[in-house]
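Results of the structural survey
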Amino acid sequence: QVQLVESGGGLVQAGGSLRLSCAASGSIFRFRTMGWYRQAPGKQRELVARITSGGSTNYAHSVQGRFNISRDNAKNTVYLQMNSLDPEDAAIYFCNSIPPIERWGQGTQVTVSS
């Protein structure tokens, strides 16, 4: 059964860092472009970072230079290193392929205090 499990969120002060992890069951993910998405209260879900199966990356302008996406294909795991966090980064963070599969994980909550 295909499953995505995100972890690593928490409460951090502005300027701090967090590292999110996404364990993807099902080997299909290692051949797909993967992305980290986030959804803040009252806002639409947005894609903030993506990484191809070969390791090429792309970021939303709002996180460029602060976030770094990586993957370990042998472990079917995708990471998001988030630095210099701002209260505007607070959201539930999800990972999924691009385009996304229908079944999303539960996400991981990131809270940034000012």
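Above this note sits the structure.
Residues numbered from 1 in each chain as written. Predicted model: local features only at pLDDT ≥ 70, side-chain atom pairs only at ≥ 80, totals over all residues. Heavy atoms only, no water.

Another aspect to go through is the pattern of salt bridges. Working definition: two side chains of opposite charge can pair if their charged atoms are close together. In this structure the tally under the stated criterion is three salt bridges. Here Glu-46 ties to Arg-38 by a salt bridge, and the two come within 2.8 Å at their closest N and O atoms. By relative accessible area, Arg-38 is classed as buried at 6%. We note a salt bridge from Asp-89 to Arg-66, for which the minimum N-O separation is 2.7 Å. Remark: Arg-66 occurs in the loop between strand 6 (57–59) and strand 7 (67–72) and Asp-89 occurs in the loop between strand 8 (77–82) and strand 9 (91–97); sequence separation between them is 23 residues. Accessibility assignment for this pair places Asp-89 and Arg-66 in one class, buried. Overlapping salt bridges, with partners in common, bring together Arg-38, Glu-46, Arg-66 and Asp-89 in one network. (Salt bridge = Lys/Arg side-chain N within 4 Å of Asp/Glu carboxyl O. Buried < 20%, exposed > 50% of the residue type's maximum accessible area, 1.4 Å probe, protein only. Helix = DSSP H or I, 4+ residues; strand = E, 2+ residues; numbered from the N terminus.)

This part is about the side chain of Asp-89. On the accessibility criterion, Asp-89 (2% relative accessible area) is buried. Apart from the residues lying within four places of it in its own chain, the contact partners of Asp-89 are Arg-38, Arg-66, Phe-67, Ser-84 and Val-110. (Contact = heavy atoms within 4.5 Å.)

Once that is clear, we can look at the sheet that holds strand 5 (residues 46–51). One open sheet holds the six strands; their spatial order is 2-10-9-4-5-6, and the pairing between them is mixed. On the outer flanks of this sheet lie strand 2 (10–13) and strand 6, each paired with one strand and no other. Neighbour to neighbour, the strand axes of the sheet diverge by 25° on average, direction disregarded. (Pairing = 2+ DSSP bridges. Axes fitted to C-alpha atoms, helices over the stretch in contact; angles between N-to-C directions.)

What follows deals with the state of the cysteines. Throughout the structure, instances matching the rule amount to one disulfide. There is a disulfide in this structure between Cys-22 and Cys-95, and the S-S distance comes to 1.7 Å. Pair noted here: Cys-22 is in strand 3 (residues 18–25) and Cys-95 is in strand 9, with a separation of 73 residues, a long-range link. Overall, Cys-95 belongs to the buried group, its relative accessible area being 0%. (Disulfide = S-S within 2.5 Å.)

Below, the discussion takes up the sheet that holds strand 8. As summarised here, the arrangement of the four strands in space is 1-3-8-7, forming an open sheet in which the pairing is antiparallel. Of all the strands in the sheet, just strand 1 (3–7) and strand 7 have a single pairing partner and so form its edges. Within this sheet the neighbouring strands show an average axis-to-axis angle of 15°, counted without direction.

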